[in-house]
Amino acid sequence: MTNSRAKGAAAEREVVRILKPILGEMHRNWQMQAAVGGADLYGPGIEGWAVEIKRQKAYSASWWTQTAVQADRSGMKPVLIYRLDRGRWRALMSLHDLRPDLKDFSQVEMNLESWANLVRLERDATVES
């Protein structure tokens with residue numbers, strides 16, 4: 001039987017390895033997770049995003065609820081990054097965070113690299129303004 005805590009930590013390290021080349025510096029938030037159940041990652045590369053990472057056998061709708069509640073608590077935008085067994089990393093976010101003008105809070109799903117590129121483009125556009 002796999003230790004779920006070890007599996008979660010390994011998943012977080014794997015996501016950091018994928019995101020760092022695209023978004024820059026970030027770290028696992030293990031101290032905050034242990035204390036109050038905060039977002040899984042933090043750092044300038046993902047500033048403004050509350051990142052929740054899940055690595056499981058099957059998807060659970062409760063993951064999005066947990067992600068959204070944590071993000072709301074911290075005043076950040078929620079993103080759920082998950083991978084099912086033998087699957088690829090996926091990112092789930094609110095359409096409102098892509099296009100607030102649409103006033104649509106439905107979730108949109110994409111591969112992890114696409115999400116990272118959207119965040120990078122958004123960040124770079126903000127810096128240029």
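Note that the coordinates shown come from a computational prediction; the quantities given were computed from them, not determined experimentally. (Residues numbered from 1 in each chain as written. Predicted model: local features only at pLDDT ≥ 70, side-chain atom pairs only at ≥ 80, totals over all residues. Heavy atoms only, no water.)

Draft legend 1. Region of the structure containing the overall build of the protein. The helix and strand tally for the protein stands at five helices and six strands. Secondary structure elements of the protein occur, N-terminal to C-terminal, as α-β-α-β-β-α-β-β-α-β-α. For the protein, whose C-alpha radius of gyration is 14 Å, the value lies close to the compact-globule estimate of 14 Å for 129 residues. Projected onto its principal axes, the C-alpha coordinates of the protein cover approximately 50 × 30 × 30 Å. In the protein, which comprises 129 residues, the share counted as buried stands at 38%. When contacts within the protein are restricted to residue pairs at least 6 apart in sequence, long-range pairs at least 24 apart make up 46% of them. (Helix = DSSP H or I, 4+ residues; strand = E, 2+ residues; numbered from the N terminus. Rg over C-alpha atoms; globule rule 2.2 N^0.38 Å. Buried < 20%, exposed > 50% of the residue type's maximum accessible area, 1.4 Å probe, protein only. Contact = heavy atoms within 4.5 Å.)

Draft legend 2. Local environment of the packing of aromatic side chains. One pass over the structure, following the stated rule, counts four aromatic pairs. Here Tyr 59 and Trp 63 contribute two aromatic rings whose centre-to-centre distance is 5.1 Å and whose plane-to-plane angle is 75 degrees, an arrangement assigned as edge-to-face. For Trp 63, a relative accessible area of 7% gives the class buried. Residues Tyr 59 and Tyr 82 carry aromatic rings whose centres are separated by 5.2 Å and whose planes lie at 55 degrees to one another, so their mutual orientation is tilted. A residue pair is termed long-range when its members are at least 10 positions apart, and Tyr 59 in the loop between β3 (49–56) and α3 (62–74) and Tyr 82 in strand β4 (residues 77–84) qualify at 23 residues. (Phe/Tyr/Trp six-rings, centres within 6.5 Å; stacked < 30°, edge-to-face > 60°.)

Draft legend 3. Fine view of the packing of helix α1 (residues 4–23) against helix α5 (residues 112–128). Put simply, α1 and α5 touch, their axes get as near as 9 Å, and they point 35 degrees apart. As α1 packs across α5, the resulting crossing turns out to be right-handed. Along the contact surface, α1 presents Val 15, Ile 18, Leu 19, Ile 22 and Leu 23, while α5 presents Leu 112, Glu 113, Trp 115, Ala 116, Asn 117, Val 119, Arg 120 and Arg 123. (Axes fitted to C-alpha atoms, helices over the stretch in contact; angles between N-to-C directions. Left-handed = near helix turned anticlockwise from the far one by under 90°.)

Draft legend 4. Molecular detail of the nonpolar core. Ranked by size, the top nonpolar core spans 24 residues in total, and within it Leu 19, Leu 23, Leu 41, Val 51, Ile 81 and Trp 115 carry the most contacts. Those elements that place two or more of their residues in this core are α1, β3, β4, β5 (90–94), β6 (107–111) and α5. Top contributing element to this core by residue count: α1, with six residues. Apart from residues no more than four positions distant in its own chain, Leu 41 is found in contact with Glu 12, Val 15, Val 16, Leu 19, Met 26, His 27, Arg 28, Asn 29, Ile 46, Val 51 and Ile 53. By size, the runner-up hydrophobic cluster in this structure holds five residues, among which are Trp 63, Trp 64, Leu 80 and Tyr 82. (Core = buried A, V, L, I, M, F, W, Y, C linked by side-chain atoms within 4.5 Å.)

Draft legend 5. Highlighting α3. A rise of 1.5 Å per residue sets the reference length of α3, with its 13 residues, at 18 Å; its end C-alpha atoms lie 19 Å apart and thus fit the reference within 8%. For α3, every residue scored as buried is listed here: Trp 63, Trp 64, Thr 67, Gln 70 and Ala 71. End-on, the buried residues of α3 take up no more than an arc of 135 degrees, which puts them together on one face. With respect to the buried face of α3, the exposed residues turned more than 90 degrees away are Asp 72 and Arg 73. Residues of α3 that are buried make contact with β3, β4, β5 and β6. The first or second residue beyond α3 is Gly 75, which carries a positive phi of 70 degrees. (Expected span 1.5 Å × (residues − 1). Arc of directions from axis to C-beta.)

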